[in-house]
Amino acid sequence: MEIIFGRNKKEQLEPVRARVTGKIPAWLQGILLRNGPGMHTVGETRYNHWFDGLALLHSFTIRDGEVYYRSKYLRSDTYTANIEANRIVVSEFGTMAYPDPCKNIFSKAFSYLSHTIPDFTDNCLINIMRCGEDFYATTETNYIRKVNPQTLETLEKVDYRKYVAVNLATSHPHYDAAGNVLNVGTSIVDKGKTKYVIFKIPASVPGGRMEGPSPLKDAEVFCSIAARSLLSPSYYHSFGVTENYIVFLEQPFKLDILKMATAYLRGVSWASCLAFHGEDKTHIHVIDRRTRKPVPTKYYTGPMVVFHHVNAYEEDGCLLFDVIAYEDGSLYQLFYLANLNEDFEENSRLTSMPTLKRFVLPLHLDKNAEVGSNLIKLSSTTARALKEKDDQVYCQPELLHEGLELPRINYAHNGKPYRYVFAAGVQWSPIPTKIIKYDILTKSSLKWGEAHCWPAEPLFVPTPGAKDEDDGIILSAIVSTDPQKSPFLLVLDARTFTELARASVDVEMHLDIHGLFIPDAGWDLGKQAPSREEPARAAAGRAAPRT
Ligand SMILES: CC1=C(/C=C/C(C)=C/C=C/C(C)=C/C=O)C(C)(C)CCC1
Ligand SMILES: [Fe+2]
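Residues numbered from 1 in each chain as written. Chains lettered and ligands numbered in written order. Predicted model: local features only at pLDDT ≥ 70, side-chain atom pairs only at ≥ 80, totals over all residues. Heavy atoms only, no water.

Enquirer: Help me understand the coordination of the iron ion (ligand 2) in this model?
Expert: Note on metal geometry: ideal angles are 109.5 degrees for four donors arranged tetrahedrally and 90 or 180 degrees for six donors arranged octahedrally. Protein coordination at the iron ion (ligand 2): the donors are His172 (NE2), His237 (NE2), His308 (NE2) and His514 (NE2), at 2.0 to 2.1 Å from the metal. Seen from the iron ion (ligand 2), its four donor atoms lie at angles of 92 to 145°, and the figure they make is irregular. Between consecutive donor residues of the iron ion (ligand 2), the sequence gaps follow H-x64-H-x70-H-x205-H. A residue pair is termed long-range when its members are at least 10 positions apart, and His172 in the loop between strand E13 (168-169) and strand E14 (174-175) and His237 in the loop between strand E17 (220-226) and strand E18 (240-241) qualify at 65 residues. On the accessibility criterion, His172 (1% relative accessible area) is buried. (Donors = N, O, S within 2.8 Å, 3.2 Å for Na, K, Ca; no water. Tetrahedral: all angles 85-135°; square planar, octahedral: opposite > 155°, others 65-115°. Helix = DSSP H or I, 4+ residues; strand = E, 2+ residues; numbered from the N terminus. Buried < 20%, exposed > 50% of the residue type's maximum accessible area, 1.4 Å probe, protein only.)

Written out as structure tokens, the structure reads:
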């Protein structure tokens, strides 16, 4: 595991041609662009947590059955400052850093004064977001970094706060049919309030643009939800959307703002300011996209921790949403680098299994229904919603499948009825060993796995003109702990899960986190449509990644 997690990875600046075995479908033309941590030590200093590592972008350019690989560190301000100082000088999730090498208490207190409102890192290592024609590397702070998907060059640093008042934002935005971006962020103690802010970034600026202003300048607040607590807002990593609603979970996994404000002085990391409160509920906020207001019903469920929403949709007056849920907040603990060494089999055991759960919410509350009665009449699910007094509804999920993480879907079905979840399969540790296709209808699954192989998040790309939801291919970057086996890009038939091709490269590839597929510009819009009547939607489904 040291090979995967401990070692700093070398950049591969010149594109290297991969050895392709099998046959890559001729229609598959474009760039698979992915992000993840690649450097875990700088000079003599080391990061504590895998999520701290410096962002390493990598891409597989697929053209006419050939694959070219390249990688480049994101030249964030964080990267530059660290490299110049030859040590870690910017704090990350699990590592608090001190730019001032003088360790005495007075200078520490002095530096603290200028860190009361911390300037977070721009080490955008989690995902890639598409905004109109632009691509940004993202993390969960107020910074995103524009990148060139062809050359992997780092471009402008964008501070969300210039456009919307958020200190944190997810790296899992949603995209609508036209490519507009919808995201959620947290505005911490702003004007005496802490809020979850849902904001929209238009796909294009009026009148079009060449190298003009960024669509971010037209970002607008869509709606906001007051946090239940001013000083302990929930942590969240994604959210759900349907055609008419937004689903936001205010979960009992919370950031302690007072702890954050004193973390620098106390010499502890941001991660230590996050805690699971097993005694609290999970509040399910539902926002009506037409009125931009929360619906009046108060939905809740028991304590849980969700990082990834899978999908959500409306059916027969109900809102269904699927998430990967944990029973506690221990997941992030397992990614401390000290646990990801040769003893990782003992140190990195999951104490709570990631489980695909379906929640079903009644959208229209029957005022006459008896307290205690189940308001869900759908025959397709065992999920229940029990009426309580004062417009409260307790939601009990249906457990669909255990051992899934990093879920992806055919994004043309985002917010709509769907059947298949593509995900990484985890067993006793959070490091995926398999790729899984789970069929929600038949409750059956298909798997891909190979000895000593560690797959990344599987991404679905539809076949041009596809009608069926699973008509397409799955792409995943695979790293191996077998020194005889090079890392490779795996291409699976999404329907049967048989291997179509693999493209191996003799480089030290890093295990990445999330990314997207950028089809070549010549990709025929009409042919991409999941249904020919809806070319605009299809374009979004094809280009817009669910990450
Ligand atoms: C730096 C920083 C943060 C970073 C969080 C990160 C980096 C989370 C990564 C999550 C991943 C990789 C999940 C995988 O799916 C917080 C906690 C928002 C708080 C403020 C400062
Ligand atoms: Fe994620």
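Further notes follow.
Enquirer: What exactly am I supposed to notice about the site of ligand 1 here?
Expert: Around ligand 1 there are 17 residues in total, and Phe51, His237, Trp270, His308 and Tyr332 lie nearest to it. Here an oxygen atom of ligand 1 sits 3.1 Å away from a polar atom, N or O, in the side chain of His237. Within the side chain of His308, an N or O atom sits 3.3 Å from an oxygen atom of ligand 1. Taken by itself ligand 1 offers 540 Å² of open surface, and the protein chains cover 96% of this. Of all the cavities here, the one that holds ligand 1 is the largest cavity. (Near = heavy atom within 4 Å. Polar contact = N/O pair within 3.5 Å; in protein donor to acceptor, adjacent residues only side chain to side chain. Areas by Shrake-Rupley, 256 points an atom, 1.4 Å probe, with all protein chains shown as cover. 1 Å grid on protein atoms, 1.4 Å probe; cavity = no way out; pocket = protein on both sides within 12 Å on 5 of 7 lines; lining within 4 Å. Sits in = over half its atoms within 2 Å of the grid points.)

Enquirer: Would you mind showing me how to read the side chain of Arg34 here?
Expert: Looking at the secondary structure, you find Arg34 in strand E3 (residues 30-35). Under the relative-accessibility criterion, Arg34 is labelled buried at 2%. Polar contacts involving the side chain of Arg34 include one to the side chain of Glu457, which spans 3.0 Å. Discounting chain neighbours no more than four positions away, the residues touching Arg34 are Leu56, Leu57, His58, Ala456, Glu457, Leu459, Asp512, Ile513, His514 and Gly515. (Contact = heavy atoms within 4.5 Å.)

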